[in-house]
Amino acid sequence: MTTHDPQDAPHAHGDHDNADEGHAGHSHGVSADADQRWLAGALTLIVAYMAGEVIVGLVAHSLALISDAAHMLTDAASIVLALVAMRLAAKPARGSYTYGLKRTEILSAQANGISLLLLSIWLAYEAIRRLIEPPAVTGGLVLGTALVGIVINVGAAWMISRANRTSLNVEGAFQHILTDLYAFIATAIAGLAMVFTGFARADAMASLVVVALMLKAGHGLVRESGRIFLEAAPTGLPPEAIGRAMAARPHVAEIHDLHIWEITSGMPAASAHVLVADGEDCHAVRADLEAVLAEAYKITHTTLQVDHAPAPATAGGAGPEHCEDSHGPIHRPAGSVTGPEVG
């Protein structure tokens, strides 16, 4: 890959066969300055309480407490993922792993999401069974444990909020903690109902609330990790709109083979074949497009192949395509005769 200086004199068409890549201002998912100490502190709180909650849940025969503990396991996993990702992000790419090991967090997120969905199915079955035949549940233990859980989650959320929440991993862990906080509030309400009314089915009903939260979290993890593995465009970065914006820039005759994907969470990338009006400076056009992608769409991993357009395409005619097999839509300036086309 050859990198060209935009200030160089214009080159012949054949000089632009190689792709140009911009690297300024790259963001590799997890920020290097994210505070691991606060995350580790929150993880210690959650794991210690989770172990105690399982014991109390078994003693009190409370499925709500056990399901809360299962959900807290996903909170702990999300924090571990953030800590691991911080370490992996600091390692340079080597050998055949040209992006490093940044997709390790996506593999873990998908495994975590699938296990969360499977666990929620089992808990839903148990909750329904207990709605039909409710066992004796110690409401006081459920209420007390849930109230302590609320305090623990508030403390963990405060710790994570002290870390760098511009990291998507840290923000994801923070959202997990908030979701678990809502689950403990539902369990505390169930405990109150059992203490003052003796309504044993409240425990199973609270479990179903937790199951719904687990299904939502698990579905979100599987969906987002699946989109990354399938190289889908990140949410909020529509390729059609970006292609039109690129084609509207000065001296751009055509944009095709536009691909926008995500290497890992918070690390979008783009590549495209750009045809530049005959006689114009390909280097300057490339630099302009890279600036647009970085400033307007926060895409700083860009690979743009630039070439001078054949005369018919520059004139807006329907002449032969520059590439025999163009992948996806073809974007041309709005003022051209043919306008944007879909290949």
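Each chain carries its own residue numbering, running from 1 in the written order of its sequence. Whole-chain, interface and lining totals are the exception, using all residues; otherwise, since this is a predicted model, local features are given only for residues with pLDDT of at least 70 and side-chain atom pairs are given and counted only at 80 or more. To obtain the side-chain values, all non-hydrogen atoms of the structure were included, while hydrogens and water were left out.

This brings us to the overall build of the chain. Put simply, DSSP marks the helices as runs of H or I at least four residues long and the strands as runs of E at least two long, and each gets a number from the N terminus on. Secondary structure summary: the chain contains nine helices and six strands in total. With 343 residues in all, the chain has 46% of them scored as buried. In this analysis, two residues are considered to be in contact whenever any of their non-hydrogen atoms come within 4.5 Å of each other. Relative to all contacts within the chain whose residues are 6 or more apart in sequence, the contacts with residues 24 or more apart total 74%. Working note: accessible area of the chain is about 16200 Å², and carbon and sulfur atoms make up 64% of it. Burial classes: relative accessible area under 20% of the type maximum marks a residue as buried, over 50% as exposed, and values in between as partly exposed (1.4 Å probe, protein chains only). Only the protein chains shown count as covering a residue, and every accessible area follows the Shrake-Rupley method with a 1.4 Å probe.

Next up on the list: the confidence of the model for the chain. A low pLDDT means the predicted coordinates there should not be read in detail. pLDDT: the predictor's confidence for each residue, scored from 0 to 100. With 80% of its residues at a pLDDT of 70 or more, the chain shows a mean pLDDT of 79. Model confidence for the chain, summarised as mean pLDDT per element, is weakest for strand β1 (residues 19–22) at 42 and strongest for helix α8 (residues 282–297) at 96. Across residues 1–34 the pLDDT falls below 50, and counting only partners more than four positions away or on other chains, this stretch makes 82 contacts in the model.

Bringing a nonpolar patch on the surface into the picture now. Patch members must show over 30% relative accessible area and no salt bridge, and they are joined within 9 Å when carrying like charges or within 5 Å when they are nonpolar side chains of Val, Leu, Ile, Met, Phe, Trp or Tyr. Each reported salt bridge corresponds to a side-chain nitrogen of Lys or Arg within 4 Å of a carboxyl oxygen of Asp or Glu. Taken together, Ile55, Val59 and Leu141 make up a surface patch of nonpolar side chains, about 270 Å² in accessible area. Of note, Ile55 is situated in helix α1 (residues 36–60). Take Ile55: its relative accessible area is 55%, and that puts it in the exposed class.

So, on to the nonpolar core. Within soluble globular proteins, side chains that are nonpolar tend to cluster in buried spots. To qualify as a nonpolar core, a set must consist of buried Ala, Val, Leu, Ile, Met, Phe, Trp, Tyr and Cys residues joined through side-chain atoms within 4.5 Å. Among the nonpolar cores identified, the biggest contains 28 residues, and Leu39, Ile46, Ile79 and Ile160 are the most heavily contacted of them. Contributions of two or more residues to this core are made by α1, α2 (63–89), α4 (139–162) and α5 (168–197). If we ignore the near neighbours within four places in the chain, the residues touching Ile79 are Leu39, Ala42, Leu43, Ile46, Ile160 and Ala173. Core analysis: the second largest hydrophobic core is formed by 20 residues, Ala233, Leu237, Val285 and Leu293 among them.

Further remarks concern the pairing of strand β4 (residues 301–308). Burial analysis of β4 places six of its eight residues in the buried class, the great majority of the element. The rule for pairing is simple: two strands pair if DSSP sees at least two bridges between them. Where strand β3 (residues 267–276) lies against β4, eight bridges are found, and the strand directions are parallel. Across the sheet, the residue bridging to Ser271 is Thr303, located in β4. Each parallel crossover has a hand, and for β3 linked through α8 to β4 it is right-handed. Here a crossover is taken to be right-handed if, once the strands point away from the viewer, the path from the first strand over the helix to the second is traced clockwise.

Going through the model one piece at a time under the given rule, you end up with seven salt bridges. In this structure, the salt-bridge partner of Glu126 is Arg129, at a minimum N-O distance of 2.7 Å. Taken as a pair, Glu126 and Arg129 lie in helix α3 (residues 104–132) at a separation of three residues, close to a single helical turn. Residue classification places Arg129 among the partly exposed residues on the basis of a relative accessible area of 39%. Between Arg223 and Glu224 there is a salt bridge; the shortest N-O distance is 3.1 Å. Residue Arg223 is classed as partly exposed on the basis of its relative accessible area, which comes to 41%. What makes Glu224 partly exposed here is its relative accessible area of 33%.

On the secondary structure map, Gly220 appears in helix α6 (residues 201–229). Classification of Gly220 as buried rests on a relative accessible area of 17%. Sequence separation between Gly220 and Ala109 is 111 residues, and the spatial gap between their C-alpha atoms is 9.8 Å.

Under the pairing criterion, centres of Phe, Tyr and Trp rings, with the six-membered ring standing for Trp, must be within 6.5 Å; the plane angle then separates stacked pairs below 30 degrees from edge-to-face pairs above 60, leaving the rest tilted. All chains considered together, the criterion is met by two aromatic pairs. Ring plane angle 85° and centroid distance 5.2 Å describe the contact between Trp38 and Trp158, whose orientation is recorded as edge-to-face. Of this pair, Trp38 sits in helix α1 while Trp158 sits in helix α4; the two residues are 120 residues apart in sequence, bridging distant segments of the chain. With relative accessibility at 45%, the residue Trp158 sits in the partly exposed group.

This part takes up α4. Its 24 residues place the ends of α4 35 Å apart at the C-alpha level, agreeing with the 34 Å of an ideal helix rising 1.5 Å per residue. Where α4 is concerned, the buried positions are Gly139, Val142, Leu143, Thr145, Ala146, Gly149, Ile152, Asn153, Ala156, Ala157, Met159 and Ile160. Every helix has an expected span of 1.5 Å times one less than the residues it contains.

Strand β2 (residues 252–264) sits mainly inside the fold: 12 of its 13 residues count as buried. Bridge count between β2 and β3: nine bridges; the pairing is antiparallel. Opposite Ile255, over in β3, you have Val274 as the bridge partner. Hairpin connection of β2 to β3: two residues between the antiparallel strands, including Gly266 at a positive phi of 75°.

Attention now goes to unusual backbone geometry. Phi angles above zero are rare outside glycine, and Asp257 is one such case at about 50°. Within the fold, Asp257 resides in strand β2. We classify Asp257 as buried; its relative accessible area is 17%.

Among the secondary structure elements, Thr44 is positioned in helix α1. Polar contact is the term for a pair of N or O atoms within 3.5 Å; when the atoms are in protein, one must be able to donate a hydrogen and the other to accept it, and sequence-neighboring residues count only if both atoms are side-chain atoms. Among the polar contacts listed, one links the side chain of Thr44 to the backbone oxygen of Ala40, at a separation of 3.0 Å.

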